[in-house]
Structures are given as C-alpha cells and as structure tokens.
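Next come the chains, spelled out residue by residue.
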Amino acid sequence: MGQWFSNNIADDVKEYRGALQRCSPGNSRRSACLYDLANSFQARFEQRGVPSDLDEAIELHRFALLLRPPGNSDRSASLNNLANSLADRFEQRGVLSDLDEAIKLHRAALLLRPSGHSDRSMYLNDLAVSLADRFEQRGVLSDLDEAIEFHRAALLLRPPGHSDRSMSLNNLASSLADRFKQRGVLSDLDEVIELHRAALLLRPPGHYDRSMSLNDLAVSLADRFKQRGVLSDLDEAIELHQAALLLRPPGHSDRSMSLNNLANSLADRFKQRGVLSDLDEAIELHRAALHLRPPGHSERSASLNHLANSLADRFEQRGGVLSDLDEAIKLHQAALLLRPPGHSDRSMSLNNLAASLTDRFKQRGVLSDLDEAIELHRAALLLCPPGHSDRSGSLNDLANSLADRFKQRGVLSDLDEAIELHRAALLLCPPGHSERSASLNHLANSLTDRFEQRGVLSDLDEAIELHRTALLLCPSGHSGRSASLNHLANSLTDRFEQRGVLSDLDEAIELHRTALFLCPSGHSGRSASLNNLANSLATRFEQWNVLSDLDEAIELHQAALLLRPPGHSDRSGSLNDLAVSLADRFKQRGVLSDLDEAIELHRAALLLRPPGHSDRSMSLNNLAASLTDRFKQRGVLSDLDEAIELHRAALLLCPPGHSDRSGSLNDLANSLADRFKQRGVLSDLDEAIELHRAALLLCPPGHSERSASLNHLANSLTDRFEQRGVLSDLDEAIELHRTALLLCPSGHSGRSASLNHLANSLTDRFEQRGVLSDLDEAIELHRTALFLCPSGHSGRSASLNNLANSLATRFEQWNVLSDLDEAIELHQAALLLRPPGHSDRSGSLNDLAVSLADRFKQRGVLSDLDEAIELHRAALLLRPPGHSDRSASLSNLAISLTDRFKQRGVLSDLDEAIELHRAALLLCPPGHSDRSMSLNNLAVSLTDRFEQWRLPFDLDEAFKLYFQLSHLSHAASRNDLSAAKEWVASAENLNHGSTLIAYQTALKILDQHVALLSSSTRHFNAISAATSSLATDAFSCSLRHGVLTNAVELVEQGRAVFWTQLARFRAPLDELSLSGDTGAALAEEFKRLSFYLRDAFDQCNQDQSPKIRQLAMQWDSIVSRIRILPDFSRFLLPPLFPGLQKAAEEGPVIIVNASQYGCDALIILSAQDPVHVPLDITQAGVSELSSEFQSLAEQFGSSDHEYDLVSILRNLWDHIVGPVVQALMQSKIPPGSRIWWCPTAEFTLLPLHAAGPYEKKKRNLSHIYISSYTPTLATLIRARQQVSRDASPQHFVAIGQAIPDKGKELRCVAPELAVVEKHVAPVVSFTSLADSGATIQGALDILNRNQWLHLACHGMPNRRQPFESSFAMRDGPLMIKDIVRSNWQNPQFAFLSACHTTVGDEKSPDESIHLAAAMQFSGFRSVIGSMWSVDDKVAHEMVSAFYANLVDGSGRLDCTQAAVALHKAVKTLRRNKVPLEQQIVFIHIGV
C-alpha cells in the first residue's frame, strides 16, 4: 500500500499527524493512519537526513504492526515497511541488531506473499537487499548467495515488459558484483555487466532511471578493467558516467553521486595513462559533488572521503605540493566526524585518514603522524570483526603502518606483528578473492623486510613463493600484473645478493622487462618500471662488469626522470638512482663529468627531501658518498669535510631504533677514516672505530648487513694497527673478518670480497709476526676468491691484484722467483681488465711496477726496471693534482728512478727522484699520516746525492727535513718512529752533528707511541719491535759526545719500556697525598682510575676498547692536573739525571752497555759525576761470549764444565768487570761495599757477578764487592721508596710444589720448606702451602696476606713468549701474566728457589721479561732468582745457609740484608766444594 507525497513534505507530515489524532484508539482506520504517518516521516528523513525522523517512523510502524495481527491483509505491508526503515537506520548507525530484525521481518512478509502474489517480486527484492547488506557486515557468504537467489527469483517474476524488470536486473547485478569481489570468479563480473546492459536497454533516453543504469554499468566496467586491464572498458565507463551526469543536471538529487563516480573513473584512467588533466578534472568533480552535499547530507562524508583520496593521489604525482596532502587530511578528519561510532563506513574513514597521515609522515618525518595512523588503523580493525567484508583490508593497512614504524624505530615486535596481521589477512582472502594477490604481495614484502633484519633465508624464500603465487592471480590483462612482476623481480634480486645464483638475477631482469612492456608510454607505472629494470641491470653490472648493462641502466634512469617532472613525488628517487649509476660508471671509465653530474643530481634530490622527509637521510648519505669519491680524485679536502658533515646530519635523522641507523653509523665512520688518512688526526680514526662498533651492535646475528658491518670495523682496526702497531687491533680485525666470512657461505655474492678482506689482514699480520702460515693461508684465500670471480666478474681485477700482492710478499720471504713471476702475470691480467678510464687502473699500473722493480733486484734485467718506471709514470698521469694517491705515485716513481741511478749512475734520474719526492712531500702537509715517510724519502735521496757530489746544501736540506720530526703536532705513529730511526742511521753514518738530537727525538716519539698502546701483555711484541736497539745506541752516542748524564737519561727512557708503562699505574703517591687537599684528592682519583684501567687492560677484548679509551682519557686528564701542582711537574715523565742518581744512594750502580758503536760501562755514584769506563770488547764479541755461555749453561749438571765456565768468567773479568772494579777502586769505593749491576743488551745474559781471574792469590769480584742487579735505575729507586712499616707484623709464606701438573718430581721441596720454617718461624708469622694446596689460585690468594715469600718449585722459562714463563703449580703454570695482574699489599722479599727465574726474552733482553723481574714489578723490593738450572740438593743447602745468615738477633727480617745473606751463603757453598756453576746460579735483584 503506497502513498503519494506532495512537494512539501512538511505539510504531508502535518496532515498525516492530524489524521492520526482524529483516529482515536479502537478506530478501524488507526493502523492505516499510523502507517501513513510513519511513511511520511520516512520520506522526510530521506529528504533531510534527520535521524529522529527515522526513529519516529520505526516506532509508528511498530504500533501499526501491532494493530495488524496475523491474518490482517495489510500485515505484510507493515512488516516490509518496518523492515525497510530498520535497514535505513542500520545504514546510518551501524547497529547490526536493526539489520537482523529487518531480515527477520522481510522473511515474515515474504511468507505472506506466496507464489502468484503480485507483490512477491518486490518482497523478494527487499529481502535480498537486506541480506546483501548483512553480508557486507559479517562476511557470511551464505547471506550473499541467498540474496542472489532471491534476486534471480524476483527477476523471473518480472519478465520482459514488467515495469520493475530493470530494477531487478540492476539489483541482481549488484549482488553478483559483491560475490565477484569475494570469490574472483570473472563469469560473475561478466554477468553483472550483461545484466546492467540489459537494464540500460529497458531505460531508454527519457527514462527517469536511465542515469542510474548508466552509472551502474559504468562502475562494473571499471571493475572489469581492474581485472583484465582492457582500457576500452575504462574508456566506456567514463563515457557512461559522463552520459549519466548529463541526465543529472544541477538540482538533480543524484548529481553529486554522478560527479563522484565520474571522478573516480578519471582518477583510475590517470593511473594508467598518467595524463594529469584526468586527475585535475577528477578533483574538480569531487569538489562539485561535495558542494552538493552540504552539512547534514547523508552522503557528505563519502564526498569528503573521495575528494581527500584524489588530492592524496595528486600529491603523490606532484610531490611537492604538501597543501594537497594537508587538505586531504583535513577532509578525512571531517569525514570521520560525520561517521561516529556505529556508522557503517567509520572503519573506512579511520583507514583513509591513517593512510594520509602515513604519507605526511613520509614527507615531514613527524613520528606522531605515524603513531596516530597506527592507532587509527587499530580502531578501524576493531570495527571490522571476524566475518566483516573489510577485515582483510584493515588487517593489511595496520600491518603496513607497523612495518613503516619498524623502519623508523627498529622495534622488531612491530615487524613481527605486521607479518602476523598480513598472514591473518591472507586467510580471509581465499583462492578466488579479488584481493588475494595484493594480500600475498603485502605478506611477501614484510617477510623481505624481516629477512633484511634477521637474515633468515627461509623468510626470503617464502616471500618469493608468495610473489610467484600472486603473479599467477594476475594473468595477462590484469591491471596489477606489472606491479606483481616487479615485486617478484625485486625479491629475486635480494636472493641473488645472498646466494649469488645468477639465474635469480637474470630472471629478475626478464620480469622487469616484461613489467615495462605492460607499462607503455602514458602508463602511470612506467617510470617505476623503468627504474626497477635499471636497478637490476646495475646489479648485474656489478657482477659481470658488462658496461652495456650499466649504460642501459643509465638510459632507463634518464627516461624515468623525464616522466617525473618537477613536482612529481618520485622525482627525488629518480634523481638519486640516476646519480648512483653515473657514479658507478665513473668508477669504470674515469670520466669526471659523470661524477660531477652525479653530485649535482644528488644535490637536486636532497632539495626535494627537506627536513622531515623520510628519505632525507638516504640522500644526505648518497651525496656524501659521491663527494668522497670526488675527493679521492681531486683531493679537495672541503669535499671530504662536507661529506662528513652530511653523514653526521644523516645520522641525526636515524635515531636509536631506526632501521637505517647501522648503515649511517658505518658511512660516517668510513668518511672519518678517509679523513684520518689525509690529516692524521687519530681522534678521527678512534671515532670511526667507535661508530663501527655501535653499528655492529645494531646488526645482531642473522642481520643481513652483519657481515658488512664486521668487515667495516675490521678494516678500521687494521688502519689503526698501521698507525699504532697494536697487534691486538690486527688480531681482532682478523677474527672479525673470519666471522664475516662464515656469514657469506658458498654462493653468497659477498663471499669473494670477504675472502679478500680476511686474506689482506692475514698478510698484514704476517708482516708483523712473520708466521708463514698466515701468509700461506692468505694466498689460499685469495686463490679461492679469484675462483669465485670468473672472467667477466666485476671483482676479478681486484682479486687478481690481491693474490699478486700476497705472492709478491711471499717472494720477499722465500725468494722463490716463481712466486714473483706469477705475481707479475696476475698484475698484468688485472691491468688488462682495467682499461684506460677504469678508476682502479692507476693502482694496477703501480702494483705491476713495484713487482717488476722487485724482479729487477733479483735478476738484474734492466728492462724490468725501465718498464717499472714507465708504468709508474703512466700511473702518475692518472693521478693528477688532487688525487688522493698522487703522493704515493710520486714516491714510488722516485724510488724506482733512484734504483736505476744506482745501476747506471745517470744523475738526472737521481735529480728527478728528488724533485718527485719534493712534490710528494708538498701533498703530505703537517698532520698527514704519510708525512714522516715522505720527509724520510726526500732526505734519503738528498743524502744519496750528497755522497755523489758532496754539495753541503744537499746535506743541510736533508737534516733540516729530519729536524721537522722533533716538532710533531700529532700523536706519534709507527711511521714517525721509523723515520726518526732513519734519521739516527743517517746521522751516525755521516757523523752528523744532529746525531744526539736524532736519538732524543726517536726516544721521545717512542715514548709517545708506546703510551698509546695499552699495557696488555698482548702488546709486548709491538713495544719490543718499537724499541729495538735505540736506547743502547743512544747511550753510546751520548758517551761519545761526552754527555754522560744525558746517556743515563736516554738509556733509562728506552729500556724496560713494558715495565715502565705498567709502573705508571703503580706510581708511589705518598708525597702527592701529603701535599695538601688537592694533591690528596688527585692521588685518590689517580689510584681509582689506574685500578680500573689495569682491570680493563687485563680483560681487553673488542667490547672493552671503548671503555679503555674513555678511562685512558680520564687518566691522562688526572695526570695533567697533577703536573700543574708545585713540585710535580715531571710526574710520570721520563726522569732526569738528578732523580736517577738517587739509585746510587746505597752504593754505586754500573750500567754496562753493548751497542753496535761500542761497549762501555758507566758508574753512577751518589755524590759525584758518573765515571765512564770504555770496554775493550765489541758488541759482536759480547754476543759471541753470550752465545758461548748460553750453550754451556744448557749442559750444566750433565758433566763437569768448570774449565769452560772459568774461561768465560775470566774473559768477563778481563774485558768488562776488571776495568770497572779498577774504576770503583779509583773512586774510593771500599771493598765489601754493595754494588748494583744494570746490564743492557746481551750483557743481561752474562753472570757479571761471578767474573774473576780465578787464579791463586788473585781476587774474584765476589771477594771484593757484594753484587746485586737491577733492570733499570728507576726500578731500584721505586723499590727503595716502598719502605717497610716497622711496627706492622711480618707474615712469611713458604710455597712448595714437588709434584706439579707437568714436569718431574722434586724430592727436596719438603725438606727445603722445613729448613725455611726452622729458621724464620721463630721470628715471623709463618705459613706453609705445599703440594695439593699449592695451586695457581691458592698461591695468588695467600700472597695477598703475606709480605715474605719462599717459592720452591719448577721454573719454566719461555724465551719466545716470555709472558708465558711460569712457576709449575699442582693445577698448571702460574705465569708472569698472572703475576703482573696481582695487587699485593706491601710485599718485601721473594726467594725463587726454581730454575731459570731470571731468563727472559731472547729477542728483547733489554725488556727484562722474566719471573724475577715480574715479582719485582709486583712490588717485591728484594728478589733472589736463578740464572740457569738449579740442582735440588744444592738448593736445599743454599736455602739453609741463606736463612741462617738472614735471621739475626733483632727479632725481625730485613729485606735489605738479602744480598749480604746470599753473599755469605755462597761462601758457605764454596767451602763445601759445591760445583762452581751451582755456587753462582743465584743472583740478587733489588734493594
């Protein structure tokens, strides 16, 4: 039963309200009056959109229905109209119970309209519409299937000619379209279009529903276009929308809908053809539609939404017009306000607003936009419960935003949640679902992101399979096919980079080509497709070095850039990619214009990525990288400085948690390392290492960049090793390279580079330690790397070069010419792969030249040297002024010319060499890491010319150059020390007046260089290599110049350097503590930092380095503050002679020195000038005597060697000790006095204390004086300063180990300990620790509580690794390195009753690294040790005699009497006819 309403709906409501008032309850017309009034309210709601009208209509329909009980002829009409009103209210408020009730009412109404009833088709239609609505909410497909069946049934009841047939055709089409979206069965969509066409035929021009039919057919054609990609469908859709719009002139109620739909189709066409006028028109149409939907209009929110989406699309095209994006966000916010909780489209509005906020975040980088977007997506998801048709889309949107946030903050839980959400979305898109391919791609992209973080290849493999499956769902013609091809291609490229399977890369390129073919001119995706193909070709170029790939990549990037004019949102990306490829081509062809253009493009890209843009940090880094490349070519330091500032700016944009932070840290670190190489400022290198360490922490196991990060850190540590010579840096670098290699298994694209890195570091270590296994391993690694770089591989030339260099190094060791010949062949092969224009050609020319010059030195074939010179000249031409390697090329050419001069004597070669060295020096300004070597090279060439022409100005210039070394402005390096040693050698050779200054400079540099090394035992090799014979030669030079006090200062400065370094942390602080409050506070702080620093050195590893550096800076600061105090200006500086002279307060100290320039003794006396005693023996003679004695000592105990021993002792007397004794006598040192020997070099290995004529009626040294030893004067002074506290109780421990972990049993240990106890227990607190109790830890612990020690056990010297010399305990060796870590309280005396306790490093005798010295360093003021093997029984006898003489009647032990007690004990052994070698085996060290 229908009503006719007038044009004035308000009058109708008033009229029907009056009629109802006139029908009192009980009136038979009351139900009809209620029904009519309800319908009038419904009509007014549809006009004005006031929700209260709809509520009143529903209440009135309910009252009418109550008055029409079952059986009433009007009941079905009431059921149906109430159902329709409830359905309308559901559409407004989203309360599902309204929709459920509507369906129930429709079903009841339908039952009252059986087959044959004239209204059955209408009721079938209404029920079908409500079921379709419920499907959209709950996603239950049975609702949709039932709706379709009801629409089909209604259509059958509306045969051709029926007035409602066109409506039925239309409604059935709509439901089939919904089912198509769920199941993806294209036949449903084809049927939809046919039904709409049929409906349109029934609505000819003039039909009032024609415009609706045109619209619906257009929408379906647009949907089919999205599936099959046939542009004619989209063009037809637009024409139909335009026709519909003409039928809906201004004032038509559906005009706004038509404007909207036409706008949507134009926007779709824009995405295909890229014609911006289509998008601009779409926006204008959306604005017009919005104007027709003023506040209060039920469709206003939809219009706001559509206009916002189109503005967002235009922003993406024109990119730079942020006002479009800001307006879009405001429109979405306005739409959301019109869709309050309960509104059926609220979730869509939440998602759209979130999407635009995400876009704005990508432009401005404000994280609050992204956080808000995620919260909006979460809210939208809550409105799409399980079953909701939009749930899968909502899951995907939230997942994508979480993935974006992960890239900013690096919180892996965001990425894991994103993947789970994508998986859940995919489950809601079963096979056939129209969004399944998109869902597969989304999940695949997030798995790829996770792979990049954790490196789990299964994630990448799954991503590829998902992309393949998605591609199958986008057959030829599908609008998403090109995007799907691109996704799969990108993932295959990622996998290629991991596994190195070239078929993956080739397939990726073919897929990108196919995708490009599907994006013809005008297609909106063409520029992206050009870009993707270009990037893959560039990747293949990196593998195979086929320049045509790179050229094609550049052409494609240029074509893409043309399609992204100023304003396009992707223009900055195109500028960036083209710049990167041009920079790559520069590296191949060396055309600087390519590099300059790359820099300009990067600058242009950066301008399009203002502060806040999500890609700004990438642009900053890329511009920095190209500036660094240009710096390496032109040498303009401002390029490098700008690069560093850009990297710093980029790092600020990658805060902790940002996924690109590790890359940014590495980039900045690499640039700082480059600058260090130019300016030599070590803080740049230290900062680089700290940055690389921080980057590595952000690349945990599994991270795809971990291997690269390990390699970066390793390379910087290697650079620092080259400066400071700290082998632990190199060892750590090697371990890092090994770890990186494990992360590049067979097939990994980075494996060959990783093999090369490790090999290079092993070669460096070989050059330091000379362990040939390192070099052999390096060569094998280089061979393996070369095998992985077959012909055509871009890394082949570098691999050939590296292997060649390693073989050349091995040749230098073994002189096997086949190694050198192979090296030359490999260099020649590498050079062929680096044709003119290649950025590495100059390096290849240089390396080949060096190897040819080496071969010349072997075979003397001058053509090799001539060729080397020509190659060096060619290399120099490729390193024009400004090139970072120019100075090296100048130097190398100069060296080869000097070699040729020495062969042919052509002075022009030498003159040219000098000019080249001058030019090289100009390129190494003060602070440059190569300056000292360059100074040296020029100085050496000038001295060569001086020897030819004897022109004084050459000599003057050479030594003026050397003088510059005495005023270094930077931290000293190994190169500086090497150059200073060359100065020393030249000055000695030419008897130049600067010799003494040269020594002083070298020792000063040595002190600075060694101070940079940690005092870890692992750095001993670096220390001993640095010291060599400098101190002993300096001592000799000073004596020759008559500066005796200077000699003492210099020899002290350059000997026992390791102990001196360690002693810095144990400096006596009594005077400082008593100097006032400031001094006391500084003393405490110094003690604290020294303790922490020593502790950090002891556990030194890669994690401790930053801590050590921080502590060292604090420690240096405290030392500087102490030196400001009065009387402490030389705190921890090398002592001057007046301070050193204190060593002789208790008796003279005799320095016995062996140098290549002569052997001398110098007697230090307490109150007069030193006495110089020239010795009648050469260093070679001392060395021969020492070797003879060492050979003899190894045989002691096996047979009688007294004759040979006496011969050596007489020799010592005649040439060394006798003259010293004579000088002591002349200096009025009375017999019986104590004297201290301080031997250097080979003298440290000789028993000076036992020298004598060994003839009747002639006195040996032991008959005249009481001898002690000291490693240095400073050590003796320190021991004297550690005064015993007289009042404190004395604690004595005797430790004995007769049955050690390794070694034969010692049978006299127990009796020996008993003898010690017998003598000392009556006067001191005595403890014994023996056998099972005498463990490593047991010994260390008990020494914390005792100041006096007797140790009886096996002594185990280790001449090659002196820090592993040890005492044999029950559970293993107690080593020197364990002893020096101890911090015992006030130790006094140690008797080391063990073999070889004063035997140290055979290569570094001046460092005195032996067990007795370790005990002395650890604080024991007085130590007795042995110089060779001790007989068990003799030891027992010696101990008994010693302690009998030590313990006097005072009731206390005095460690200063140990030397006298030992002297008396030896007399006792002499009387008892003990063999001579056992009488003299023990020596006393200390006070």
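Residues numbered from 1 in each chain as written. Predicted model: local features only at pLDDT ≥ 70, side-chain atom pairs only at ≥ 80, totals over all residues. Heavy atoms only, no water.

### Some thoughts on the overall build of the protein chain
Consideration 1: Regarding its fold elements, the protein chain presents 64 helices and 14 strands.
Consideration 2: Here the protein chain has a C-alpha radius of gyration of 47 Å; the compact-globule value for 1487 residues is 35 Å, and the former is much larger.
Consideration 3: For the protein chain, the C-alpha atoms occupy an extent of roughly 160 × 85 × 55 Å along the three principal directions.
Consideration 4: Taken across its 1487 residues, the protein chain has 56% of its residues classed as buried.
Consideration 5: Looking at the protein chain alone, contacts between residues at least 24 apart form 67% of all its contacts between residues at least 6 apart.
Consideration 6: Accessible area of the protein chain: about 59400 Å², with a carbon and sulfur share of 53%.
Consideration 7: The centroid of the 151 positive side-chain charges in the protein chain is displaced by 3 Å from the centroid of its 187 negative side-chain charges. (Helix = DSSP H or I, 4+ residues; strand = E, 2+ residues; numbered from the N terminus. Rg over C-alpha atoms; globule rule 2.2 N^0.38 Å. Buried < 20%, exposed > 50% of the residue type's maximum accessible area, 1.4 Å probe, protein only. Contact = heavy atoms within 4.5 Å. Areas by Shrake-Rupley, 256 points an atom, 1.4 Å probe, with all protein chains shown as cover. Lys, Arg positive; Asp, Glu negative; His and termini not counted. Charge placed at Lys NZ, Arg CZ, Asp CG, Glu CD.)

### A look at a negative patch on the surface
Consideration 1: Taken together, the side chains of Glu 1184, Glu 1188, Asp 1200, Glu 1202 and Asp 1204 present a region of like negative charge at the surface.
Consideration 2: Elements supplying a minimum of two residues to the negative patch: α54 (1179-1193) and α55 (1202-1226).
Consideration 3: With respect to the helices, strands and loops of the structure, Glu 1202 is situated in helix α55.
Consideration 4: For Glu 1202, a relative accessible area of 37% puts it in the partly exposed group. (Patch = residues over 30% accessible without salt bridge, like charges linked within 9 Å, V, L, I, M, F, W, Y side chains within 5 Å. Salt bridge = Lys/Arg side-chain N within 4 Å of Asp/Glu carboxyl O.)

### Some remarks on the pairing of strand β11 (residues 1372-1375)
Consideration 1: Pairing of strand β10 (residues 1366-1369) with β11, which is carried by four bridges, proceeds in the antiparallel orientation. The residue bridging Met 1369 from the neighbouring strand is Gly 1372, located in β11.
Consideration 2: Where β10 hands over to β11, the hairpin turn is made up of two residues, counted between the paired strands. (Pairing = 2+ DSSP bridges.)

### Quick notes on the side chain of Ser 40
Consideration 1: With respect to the element layout, Ser 40 can be found in helix α2 (residues 30-48).
Consideration 2: Overall, the relative accessible area of 0% leaves Ser 40 in the buried class.

### Remarks on a nonpolar patch on the surface
Consideration 1: On the surface, a nonpolar cluster with roughly 330 Å² of combined accessible area is contributed by Phe 63, Leu 66 and Leu 67.
Consideration 2: Tracing the backbone through its elements, the reader meets Leu 67 in the loop between α3 (51-66) and α4 (75-93).

### Observations concerning the side chain of Asp 584
Consideration 1: Relative to the assigned elements, Asp 584 resides in helix α26 (residues 571-589).
Consideration 2: Lys 587 provides the closest opposite charge to the buried, salt-bridge-free Asp 584, at an N-O distance of 4.3 Å.
Consideration 3: When near neighbours in sequence (up to four residues on either side) are disregarded, Asp 584 contacts Glu 542 and Leu 550.

### Here we look at the sheet that holds β10
Consideration 1: Reading across the sheet, the three strands line up as β9-β10-β11 and stay open at both edges, with antiparallel pairing between neighbours. With partners counted over all chains shown, the strands left at the sheet margins are β9 (1355-1356) and β11, one partner each.
Consideration 2: The pairing of β9 with β10 spans two bridges and is antiparallel. Bridge assignment links Met 1356 to a residue of β10, and that residue is Ser 1366.
Consideration 3: In the packing of helix α59 (residues 1336-1343) onto the sheet, the strands contacted are β10 and β11, and the crossing angle to β11 comes to about 35 degrees. (Axes fitted to C-alpha atoms, helices over the stretch in contact; angles between N-to-C directions.)

### A look at the packing of helix α44 (residues 974-990) against helix α47 (residues 1030-1040)
Helix-helix packing: each pair is described by the crossing angle between the helix axes and the interaxial distance.
Consideration 1: Close contact between α44 and α47 brings their axes to 13 Å; oriented N to C, the two are set at 35 degrees. In terms of crossing hand, the pair formed by α44 and α47 is left-handed. Across from Leu 977, Lys 981, Val 984 and Glu 988 in α44, the residues of α47 making contact are Leu 1030, Cys 1037 and Arg 1040.
Consideration 2: Within the contact of α44 with α47, the residues separate by chemical class into four nonpolar, no polar and three charged. (Left-handed = near helix turned anticlockwise from the far one by under 90°. Nonpolar A, V, L, I, M, F, W, Y, C, P; charged D, E, K, R; others polar.)

### Some words on the pattern of salt bridges
Consideration 1: Going through the model one piece at a time under the given rule, you end up with 87 salt bridges.
Consideration 2: A salt bridge links Arg 738 to Glu 777; its shortest N-O distance comes to 2.7 Å. Taken together, the positions of Arg 738 in helix α33 (residues 727-742) and Glu 777 in helix α35 (residues 772-787) put the pair 39 residues apart, joining distant regions of the chain.
Consideration 3: Note that Arg 873 and Glu 870 form a salt bridge whose closest N and O atoms lie 4.0 Å from each other. Here Glu 870 and Arg 873 lie together in helix α39 (residues 862-877), a separation of three residues that amounts to about one turn.
Consideration 4: One continuous salt-bridge network, built from bridges that share partners, spans Asp 55, Arg 89, Arg 93 and Asp 98.

### Re the packing of helix α25 (residues 547-562) against α26
Consideration 1: Look at α25 against α26: their axes get within 9 Å of each other, and the N-to-C directions meet at 155 degrees. Judged on the interaxial angle alone, α26 and α25 are roughly antiparallel. Helix-helix and strand crossings are classified by hand; for α25 and α26 the assignment is left-handed. Residue-level contacts link Leu 547, Leu 550, Asp 551, Ala 553, Ile 554, His 557, Gln 558, Ala 560 and Leu 561 of α25 to Arg 571, Ser 574, Leu 575, Asp 577, Leu 578, Ser 581, Leu 582, Asp 584, Arg 585, Gln 588 and Arg 589 of α26.
Consideration 2: Of the residues belonging to the contact of α25 with α26, the class tally is nine nonpolar, five polar and six charged. (Parallel < 35°, antiparallel > 145°, perpendicular 65-115°, else oblique.)

### A closer look at the confidence of the model for the protein chain
Low pLDDT marks stretches whose predicted atomic positions should not be read closely.
Consideration 1: Per-residue pLDDT for the protein chain has a mean of 88; in total, 94% of the residues score no lower than 70.
Consideration 2: In this model, residues 1012-1020 is a region of pLDDT below 50 whose contacts with residues beyond four sequence positions or in other chains number 34 contacts. (pLDDT = per-residue confidence, 0-100.)

### Notes on unusual backbone geometry
Consideration 1: Of note, the phi angle at Asn 815 is positive, near 65 degrees, even though the residue is not glycine.
Consideration 2: Tracing the sequence through the fold places Asn 815 in the loop between α36 (796-814) and α37 (817-832).
Consideration 3: Given the relative accessible area of 45%, Asn 815 is considered partly exposed.
Consideration 4: Backbone geometry places Lys 1473, a non-glycine residue, at a positive phi of 60 degrees.
Consideration 5: With respect to the helices and strands, Lys 1473 occurs in the loop between α63 (1458-1471) and α64 (1476-1479).
Consideration 6: According to the relative accessible area criterion, Lys 1473 is exposed, its value standing at 72%.

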